[in-house]
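# A structural walkthrough
Chain by chain, the residues run as shown.
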Amino acid sequence: MEMVANREQAVQALQKIGRTLYERGLVNGAEGNISLRAVDGTVYISARGSRLGELRPEDVAHITTAGQAVEPGPEPTSEYLLHTLVYESCPELRVVLHTHSAYATAVAVNRENVPPLIDEMTILLGGGIDVAPYAPPGTPELARGAAQGLRERKGVLLANHGAVVGGTDPADALKLAELVEQACRGFLLAKGGGTVHAIPAQAIHRQREIYQRKRGR
């Protein structure tokens, strides 16, 4: 998908993302927030209190990466700093999704990093899924934890909070959000059944090379 150039394109893309997240059980009610970066560098983002599964045009805010309004509209999500700092830190990313999906949140509460359990984690996410230190919602500290986590990998957990993924387009970001939830579910189930074994180091090295090429590094 090409980068969006106007509000109509952005609203349509965010509505589709929000519906997909809801239909796949990754968000409920007014939890979570989503954004995409436009061709001019500004950010279209879900508004404070919006329901992602039923996102309306008036539920989309348009801001700069400094958090200033580009046009009249609703207030952005209180966690807008998380999105803008990720875009500043990772210019190759165009879509940021923050979810409170069940298994990812459970692992975030456990505060255990998830090792690379399946090949897709290293090839698509860049490796295991780390848990960023706890910080209150909407704070610069929370935003910095997310941005730091996404510099090396395309998914991170926020302690006692949820998950954040960054994609190059909506399809990529949605795939990653599902993969994070799948990996966290597998991790918890594997722990309950015995010893958790990561994929071999040699395989991780080869797969990281694929990941780096795909991310353009």
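Below you will find a few notes about this structure. (Residues numbered from 1 in each chain as written. Predicted model: local features only at pLDDT ≥ 70, side-chain atom pairs only at ≥ 80, totals over all residues. Heavy atoms only, no water.)

Moving on to the sheet that holds strand β5 (residues 131-132). Strands belonging to one sheet form pairs held by backbone hydrogen bonds; the direction of such a pair is parallel or antiparallel. Here seven strands make up an open sheet; going across it, the order is β3-β2-β1-β4-β7-β6-β5 and the pairing mixed. Taken across any chain shown, the strands that pair with only one partner, and hence form the sheet edges, are β3 (60-63) and β5. In terms of strand pairing, strand β6 (residues 155-158) meets strand β7 (residues 162-167) through four bridges, oriented antiparallel. Its bridge partner lying in β7, V156 is registered against V164. Here helix α3 (residues 102-110) sits on the sheet and contacts β5, β6 and β7; the angle it forms with β6, its principal contact strand, is near 60°. (Pairing = 2+ DSSP bridges. Helix = DSSP H or I, 4+ residues; strand = E, 2+ residues; numbered from the N terminus. Contact = heavy atoms within 4.5 Å. Axes fitted to C-alpha atoms, helices over the stretch in contact; angles between N-to-C directions.)

A few words on the pairing of strand β2 (residues 43-46). Judged by which residues are buried, β2 turns out to be covered on both faces: V43 and I45 on one side and Y44 and S46 on the other are all buried. Bridge analysis of strand β1 (residues 33-37) against β2 gives three bridges, and the strand direction is antiparallel. Note on β2: the bridge partner recorded for S35 is I45. With antiparallel pairing between neighbouring strands as the criterion, β1 and β2 make up a hairpin whose turn holds five residues, including G41 at a positive phi of roughly 90°. (Buried < 20%, exposed > 50% of the residue type's maximum accessible area, 1.4 Å probe, protein only.)

A separate point is the environment of I123. Among the structural elements, I123 can be located in helix α4 (residues 119-125). The sequence separation of I123 and R206 amounts to 83 residues, and the corresponding C-alpha distance is 8.9 Å. Excluding residues within four positions of it along the chain, I123 makes contact with Q207, I210, Y211 and K214.

Moving on: the side chain of Q15. Turning to its location among the elements, Q15 is positioned in helix α1 (residues 7-23). What Q15 contacts, discounting residues up to four positions off in sequence, is L55, R56 and P57.

With six of its six residues buried, β7 lies for the most part within the structure. In the sheet, strand β4 (residues 95-99) pairs with β7 via five bridges, with the strands oriented antiparallel. In the sheet register, V95 faces β7, and the bridge partner there is G167. In this antiparallel pair of consecutive strands, β6 and β7, the connection spans three residues, and N160 shows a positive phi of 60°.

What follows deals with helix α5 (residues 140-152). The end-to-end C-alpha distance of α5, which contains 13 residues, comes to 19 Å, matching closely the 18 Å that a straight helix rising 1.5 Å per residue would cover. Every buried residue belonging to α5 is among L142, A143, G145, A146, A147 and L150, and all of these are buried. In the core, the buried residues of α5 are packed alongside α2 (80-89), β5, β6, β7 and α7 (201-215). (Expected span 1.5 Å × (residues − 1).)

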